[in-house]
Amino acid sequence: MLCALPAFGQANTGELRLMVTDPSGTGLKSSVLIVSEANQYHASLATNDQGQLNVLRLPFGIYHVQINQQGFEPISENIQIRSSIPVAENIRLKLAAVNQSILVTTGNTLINPEQAGTVSQIGQNTIQDRLTSIPGRSLQDLVRTQPGWIYEGNAVLHPRGSEYQTQFVVDGIPFTNNMSPSFGNEMSVNDVQSMSVYTAGIPAEYGRMMGGVIVVNTLQNPQPGFHGQVTLEGGSYDSAGSSVTGDYGWGANSIGFSADGSMSGHYLNPVVTQNYFNTGTLGDFSGNFQRDLTPKDRISFLVRHELARYDLPNENVQQAAGQRQTGDDFDTYGIAVYQHTFSSNAVANVRGMVRQFSDDVNSNAESTPIAVFLHNWFREGYFKSDFTFLKGHQQWKAGVESDSKFINENFAYSIPNVNTQLAYFDASTPLNFSYIANRPDLEQGIWVEDLIRLGNWTINAGVRWDHYQFVVDRQATSPRLAISRYFPKEGVVVHVSYDRIFQTPSFENLLLSSSTAAAGLDTNSVQLAVLPSQGDYYEAGIEKVFFNKVRVDANYFRRDVDNYADDDQIQNTTISFPIAFAKAILYGGEAKIELPIWGRFSGYATYSYIVGNAWFPVTGGLFLGDDAVGIPTSGHFPDSQDQRNTVSTRLRYQVASRFWVAGGLEFDSGLPFDFECDPSLTLDQCIQQQANIYGQDVINRINFNRGRILPATMFDASAGADIYRSDRATVKLELDGENLNNVVNVIDFGGLFSGNAIGPARSVYARLTTTF
């Protein structure tokens, strides 16, 4: 069966320390089933010979614990994990009476009555039965099924309208760089045990990148003996991949490893349907060690190396010229964690990370209209310490963190000749340009949280202080508050939250866009320092359980953000950098229906509605040529993530004990785009010009009058079977058909050399998973 959760502590997770004994009080080796439907947690674990079982990193909530041991009466009970302080539970079994029949009932774990804000949990059932993804985006594809998350090109996640403000917290360590396929490396979802997704009611522990926080757990719960999983997958676009994970536990120790490799002929989103030059090869390798030094002291270590080598897709003009542009990313880091439990009411964690990351782009001599060269890299040192104290109805948590990145940028371009220069650039644009710079990015944070439980009320109050030192020096204090009320008779939780946020700018190419050298790329230029964003997030929502089988969540949110972050590109290249506008207002509603299991059925449906507008004037960034002339000083425009309606559904039916089928759909109402028609041409002539460049099939998906991409509905279907199953191992086969109606899925439309993105056509994949 599947176990979950590593030893690295983080917000809103706890630990269960279980002791199972016989009637005399002697420890007894037993099988234990632990289930929380609200957290999508389902684990079949075993105590050791002394009857002890430590289950780590359980998200807060109610867990149903069931023990069926031969010769003893079955027993089940609900245990609530409500604090990061370990919960100790002793269960004494009773001898079974002769001819006694006992009915063991399942506890209701579909709702967490003490959840103060909205948290979307993605557990092993969802991960195991997911649609197979193109290599490079399996983690992002899972997050995108949650309400409020949409894609732009190349699997860049945008939570509730935020641009590049997604934070991944991997095994307790925050990663604030862009982790989409064209900027960073994939962590294979085969190596992920669970995820928690925040878009509101965000604990004060998290700061800096605050559009959305994705907490990722990669390590399995330590168990005696050797356990692991092997996955093989492949399908359309010559995609293929394999992964293996393994863990071995003995005594107070455990050691684990993972290795993953994949390739695809559709790595990034192409700009035309022909999918020119779009291969990608990826690798991901990790090792970990954990030891309980004493009952109160635990140490953990993890190392990981990730790599990606890929092509940058061509447009028709570039393909005809023989262009070949390539990219590669390398990421290596190590994490160390020490945890000390002072008492049943107090625990402390100290963790650190060292990391090196690099991002490269290269071009051949035939590249047009511009050959780009990039070698950006950074070294990072991260430290974090926190202390949790439980007293009465309150859980206090305080911590400090320091993140030091040493940023290095190396950028160059070459325009082939004067004719190309005059055709695509201003006459003052240099034919050749290079830039090299480095600077430390120093950021510190301090926070305090108080989680209060008073009867059916839960209050999570916190405050955070951040200090940012990179291109500018800024600091801010950010209060956070989330309140919920549980109505037991109605099975309803009502919650509201307020988050004050301080978001640091994306650091990718920020030195370049802030330099005096970049301002000299054109005689017409505007250059403004990019300041951190500050804003206020509001949310109100309700959660209700129907028939103890179905959970429905509905939320309304609003975000008011000053110095609203966006991005732009350097001289028609693939190199982006941050910009900012005066403010943005984003608001909307979300709903999710979740059916963990009802008879033979399980599944979910999510809906998101968002309206987003950004306001001039521009307050940060670099603007060149025509972009720098006549920049409006007032007025507003649709945010680039202003997708009004988004739907995601999936319904699974268990045909037989070892065979299931599933189907679903994805609906996107279409993103806005910015298109400027040549003043000397009519709109119809401009549209025909675009059709000659991109193909009529792409232009048919564009509404030039509204300035929006047309809506798209895509259907998928799956079938799976347990082809082998025993107490020691299972072998599962899954077949997936995606975009079965073969829609030309235009995700972004940005004009020549500036950001088209087209999703995969009809695709078929197979995945074989062996767990032991």
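Just above, that's the structure.
Residues numbered from 1 in each chain as written. Predicted model: local features only at pLDDT ≥ 70, side-chain atom pairs only at ≥ 80, totals over all residues. Heavy atoms only, no water.

Trainee: I keep staring at the sheet that holds strand E11 (residues 166-170) and nothing clicks. Help me out?
Mentor: By way of backbone hydrogen bonds, the strands of a sheet pair with one another, either parallel or antiparallel. Pairing within the open sheet is mixed, and its 5 strands lie in the order E8-E13-E14-E11-E12. Both outer strands of the open sheet, strand E8 (119-122) and strand E12 (173-175), are each paired with one neighbouring strand and no more. Strand-to-strand twist in this sheet, taken as the mean axis angle between neighbours without regard to direction, amounts to 20 degrees. Alignment of E8 against strand E13 (residues 194-198), held across 4 bridges, turns out to be antiparallel. Within E13, the residue paired with serine 120 across the bridge is valine 197. (Pairing = 2+ DSSP bridges. Helix = DSSP H or I, 4+ residues; strand = E, 2+ residues; numbered from the N terminus. Axes fitted to C-alpha atoms, helices over the stretch in contact; angles between N-to-C directions.)

Trainee: Is there a simple way to think about the nonpolar core in this case?
Mentor: The tendency in soluble globular proteins is for nonpolar side chains to be buried as a group. Of all hydrophobic cores here, the largest spans 43 residues; its most connected members are Phe411, Tyr413, Phe433 and Phe470. Residue assignment for this core shows that the elements contributing at least two residues are strand E19 (297-312), strand E21 (346-363), strand E22 (371-391), strand E23 (394-414), strand E24 (432-454), helix H5 (510-514), strand E31 (576-598) and strand E32 (601-624). Tallying contributions element by element places E32 first for this core, with 5 residues. The residues touching phenylalanine 470, leaving out its near neighbours within four places in the chain, are Ile407, Arg439, Pro440, Asp441, Phe507, Leu510 and Leu511. The next biggest cluster of nonpolar side chains, apart from the first, holds 28 residues, and it includes Phe168, Val189, Met353 and Tyr382. (Core = buried A, V, L, I, M, F, W, Y, C linked by side-chain atoms within 4.5 Å. Buried < 20%, exposed > 50% of the residue type's maximum accessible area, 1.4 Å probe, protein only. Contact = heavy atoms within 4.5 Å.)

Trainee: Sorry if this is basic, but what is going on with the state of the cysteines here?
Mentor: A covalent bond between the sulfur atoms of two cysteines is referred to as a disulfide. As enumerated under the stated definition, the model contains 1 disulfide in all. The side chain of cysteine 677 participates in a disulfide bridge whose partner is cysteine 686; the two sulfur atoms lie 1.8 Å from each other. The sign of the S-S torsion, about 75 degrees, decides the handedness of the disulfide formed by cysteine 677 and cysteine 686: right-handed. For cysteine 677, a relative accessible area of 27% corresponds to the partly exposed category. Residue class for cysteine 686 comes out buried when judged on its relative accessible area of 1%. (Disulfide = S-S within 2.5 Å.)

Trainee: Help me understand the packing of aromatic side chains, please; the structure alone is not making it clear to me.
Mentor: What characterises a pair of aromatic rings is the spacing of the ring centres plus the angle enclosed by the ring planes. According to the stated counting rule, one finds 24 aromatic pairs in the structure shown. Judged by centre distance (5.8 Å) and plane angle (80 degrees), the ring pair of tyrosine 41 and tyrosine 63 falls under edge-to-face. Residue tyrosine 41 is located in strand E3 (residues 41-46), and its partner tyrosine 63 is located in strand E5 (residues 61-67); the two are separated by 22 residues in the primary sequence. The class of tyrosine 41 is buried, set by a relative accessible area of 6%. When the ring of phenylalanine 226 is compared with that of phenylalanine 772, the centres are 5.6 Å apart and the planes differ by 40 degrees; the resulting orientation is tilted. Here the residue phenylalanine 226 occupies a position in strand E15 (residues 225-235), and phenylalanine 772 occupies one in the segment after strand E42 (763-771), the gap between them amounting to 546 residues. Residue phenylalanine 772 is classed as partly exposed on the basis of its relative accessible area of 31%. Cluster of aromatic residues (ring-pair linked, three or more members): Phe673, Phe675, Tyr694, Phe704 and Phe749. Here the basic side chain of arginine 485 rests over the ring of phenylalanine 487, its NZ or CZ set 4.6 Å away from the ring centre. (Phe/Tyr/Trp six-rings, centres within 6.5 Å; stacked < 30°, edge-to-face > 60°. Lys NZ or Arg CZ within 6 Å of the ring centre and 35° of its normal.)

Trainee: For this particular structure, what's the right way to read the pattern of salt bridges?
Mentor: A side chain with one charge may pair with a side chain of the opposite charge, provided their charged atoms come close. If you walk through the whole model with that rule in mind, you get 36 salt bridges. Arginine 355 serves as the salt-bridge partner of aspartate 331, at 2.9 Å between the closest nitrogen and oxygen. In this pair, aspartate 331 is assigned in strand E20 (residues 325-343) and arginine 355 in strand E21, connecting sequence segments 24 residues apart. Overall, aspartate 331 belongs to the buried group, its relative accessible area being 2%. Relative accessible area serves as the criterion here: at 5%, arginine 355 is assigned to the buried category. A salt bridge links arginine 650 to aspartate 716; its shortest N-O distance comes to 3.5 Å. Taken as a pair, arginine 650 in strand E34 (residues 645-656) and aspartate 716 in strand E38 (residues 712-725) lie far apart in primary sequence, 66 residues in all. Judged by its relative accessible area of 9%, aspartate 716 is buried. (Salt bridge = Lys/Arg side-chain N within 4 Å of Asp/Glu carboxyl O.)

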